[in-house]
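Here is what each chain is made of, one letter per residue.
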Amino acid sequence: MTLDPIGPLWLVASVCVLAVVVAVVKLVSSPTRLRLRWALRIGMIVLVSVLALRPVIPPADAGPVASGGLEVYIVVDTTSSMAAEDYPRPGSAGAEALAPDADAPDVTAPDVSAAPGARLDGVRDDIGAITSALVGAQFSLTTFDSATVQRVPLTSDATALVSAASALSPEVTFFSQGSSIDEPLTFMSELLAEAQEEHPERSRVLFYLGDGEQTRDTAPSPFTPLAPYLGGGGVLGYGTAEGGVMRVFDGYGADDDEAAPSYIVDPVTGQDAVSSADEASLRAIAGQLGVGFVQREPGDAVDEIVAGIEVGDVSISQEPERGPVEFAWLAAIPLGLLALVEIIRLAGTLAATRRPGAQRGQGATS
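Note that the structure is a prediction, hence the values are computed from the model and not measured.

A.B. asks: Please clarify how the packing of helix α4 (residues 119–133) against helix α5 (residues 158–166) should be interpreted in this entry.
C.D. replies: In a packed pair of helices, the relevant descriptors are the angle between the two axes and the axis-to-axis distance. Contact geometry for α4 and α5: axes closest at 9 Å, N-to-C directions at 175 degrees. It follows from the interaxial angle that α4 and α5 lie roughly antiparallel. Seen from α4, the contacting residues are R124, I127, G128 and T131; seen from α5, they are A158, L161, V162, A165 and S166. For the contact of α4 with α5, a count of residues per class yields five nonpolar, three polar and one charged.

A.B. asks: Teacher, can you tell me more about the nonpolar core here?
C.D. replies: Most often, soluble globular proteins have nonpolar side chains that are buried together. Of all hydrophobic cores here, the largest spans 29 residues; its most connected members are V72, V76, V123, I127, L134, F207 and L209. For this core, the secondary structure elements donating two or more residues are β4 (70–77), α4, β5 (138–144), α5, β7 (203–210) and α8 (303–306). If we ignore the near neighbours within four places in the chain, the residues touching L134 are V72, F139, F207, V306, I309 and V311. Core analysis: the second largest hydrophobic core is formed by 21 residues, Y73, I181, M188 and L289 among them.

A.B. asks: I keep staring at the side chain of S275 and nothing clicks. Help me out?
C.D. replies: Structurally, the position occupied by S275 is in strand β10 (residues 274–275). Here S275 falls in the buried class, since its relative accessible area comes to 1%. Setting aside chain neighbours within four positions, we find S275 in contact with S81, A84, D86, R119, D211, E213, G243, G244 and M246.

A.B. asks: What is the right way to read the side chain of S140 from this model?
C.D. replies: Mapped onto the elements, S140 comes out in strand β5. Relative accessible area serves as the criterion here: at 1%, S140 is assigned to the buried category. What S140 contacts, discounting residues up to four positions off in sequence, is V72, Y73, I74, Q150, V152, P153, L154, L161 and L191.

A.B. asks: Can you help me understand the environment of I57 in this one?
C.D. replies: Mapped onto the secondary structure, I57 falls in strand β2 (residues 55–57). A relative accessible area of 36% places I57 in the partly exposed class. C-alpha separation for the pair I57 and D4, spaced 53 residues apart in sequence, amounts to 9.6 Å.

A.B. asks: How should I be thinking about the pattern of salt bridges in this particular structure?
C.D. replies: As a working rule, side chains carrying opposite charge can pair if their charged atoms are close by. Taken as a whole, this structure holds 11 salt bridges when the rule is applied. When salt bridges with common partners are traced through the structure, they connect R41, E342 and R345 into a single cluster.

A.B. asks: Help me out: how do you make sense of the sheet that holds strand β11 (residues 292–295) in this one?
C.D. replies: Sheet strands pair by backbone hydrogen bonding; their relative direction is either parallel or antiparallel. If you walk across this open sheet you meet the six strands as β6-β5-β4-β7-β8-β11, and the pairing is mixed. Both outer strands of the open sheet, β6 (148–155) and β11, are each paired with one neighbouring strand and no more. Looking at each pair of strands side by side, their axes are set apart by 15 degrees on average, direction ignored. Looking at chain direction, β4 and β5 are connected through seven bridges and run parallel. Note that in β5 the partner of V72 across the bridge is F139. Strands in contact with helix α7 (residues 279–289) are β7, β8 (233–237) and β11; relative to β11, the strand with the most contacts, it is inclined by about 155 degrees.

A.B. asks: I'm lost on the packing of aromatic side chains in this one. Help?
C.D. replies: Two measures describe an aromatic ring pair: the distance that separates the ring centres and the angle between the ring planes. Summed over all chains, the structure comprises three aromatic pairs. Relative to Y208, the ring of F144 lies with its centre 5.8 Å away and its plane at 40 degrees, an arrangement referred to as tilted. Taken together, the residues F144 in strand β5 and Y208 in strand β7 connect sequence positions 64 residues apart. Take F144 and Y208: they sit in the same class, and that class is buried. Exposure remark for Y208: the relative accessible area of 1% places this residue in the buried category. Members of the aromatic cluster, joined through ring pairs, are F144, Y208 and F223. Positioned over the ring face of W38 is R41, at 4.6 Å from the centre of the ring.

A.B. asks: I'm lost on the packing of helix α1 (residues 9–29) against helix α2 (residues 32–53) in this one. Help?
C.D. replies: Running from N to C, α1 and α2 point in directions that differ by 175 degrees, and their axes come no closer than 9 Å. The pairing of α1 with α2 is recorded here as roughly antiparallel in orientation. Between α1 and α2, the residues in contact are L9, V12, C16, A19, V20, A23, V24, K26, L27 and V28 and R35, W38, A39, I42, I45, S49, A52 and L53, respectively. When the residues that make up the contact of α1 with α2 are grouped by side-chain class, the tally is 15 nonpolar, one polar and two charged.

What counts, and at which threshold
- Residues numbered from 1 in each chain as written.
- Predicted model: local features only at pLDDT ≥ 70, side-chain atom pairs only at ≥ 80, totals over all residues.
- Heavy atoms only, no water.
- Axes fitted to C-alpha atoms, helices over the stretch in contact; angles between N-to-C directions.
- Helix = DSSP H or I, 4+ residues; strand = E, 2+ residues; numbered from the N terminus.
- Parallel < 35°, antiparallel > 145°, perpendicular 65-115°, else oblique.
- Contact = heavy atoms within 4.5 Å.
- Nonpolar A, V, L, I, M, F, W, Y, C, P; charged D, E, K, R; others polar.
- Core = buried A, V, L, I, M, F, W, Y, C linked by side-chain atoms within 4.5 Å.
- Buried < 20%, exposed > 50% of the residue type's maximum accessible area, 1.4 Å probe, protein only.
- Salt bridge = Lys/Arg side-chain N within 4 Å of Asp/Glu carboxyl O.
- Pairing = 2+ DSSP bridges.
- Phe/Tyr/Trp six-rings, centres within 6.5 Å; stacked < 30°, edge-to-face > 60°.
- Lys NZ or Arg CZ within 6 Å of the ring centre and 35° of its normal.

By themselves these figures say nothing about function.
Below is the structure:
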């Protein structure tokens, strides 16, 4: 932490020290009933001194940033179905599709960490792989469930996007209103239109990551309006037709109790609800966007997904320094409170001197 005074340091410091010394002298020489007032005034002087000296944390250099002429828009389904546990982690029993030999003499207990994962686990992995494969591009992350939200505006900071992706969670179960695969259509149409108008020279690609499950009664609208803005991308599918059960998400943690997790219950059957992925719907979206469809499996590379996508000429620029972090404002709050106390006291004194009795008393004594 350093000081960034409002004037020459020697002058500001001298005035502050002088003011404190005078106030301390008045405190010592004043009657006992007035010493509290002068103690408060010393506190005010100290706080004003802090404001004048302006303690700050110096600005930090954010480092170089690589940027090209490609904008990558990632759209992720975060409805409750994306919590379905039919996306086995590498090494799990589901991934190996093998059962242990019942006749084997030594059968170890299954590894809890190798339990089937959720569809969103695959989404997080693929987002990290896509950003690594398209270094220099600008990225945007948008999620949708009952509403569409842009989690990360267009940025060349791939780290920020990966961090946001790692924190993705399904919608709160109790607020779920069903899923519609075309929920982000209107938002993305406006977003891409604005981007095209602002930077017509750039190319744009879109990746739609979801399971294709449509639970609302209305038929989804086609994604055809987005196609004119795009030069590529892909639709990535997660989950299986057989489906999987979905954990309850209460908004506080995706895995509240690993030992005894709670699952969404089908109100009709009273059993754990099962979400089934709809590959046909995802293929339809891919066709409307004019991009390819890929059904994702654990450990799959993204080479096929990003093939043919050119980032463009990458330029390296120095990102502006982050501004200094100021702490002087912290002194303004108690200073304001002390000033208010002083104003109230002075107002009371002034009101007392204007009362008729006080004026007659002053006249008699004078």
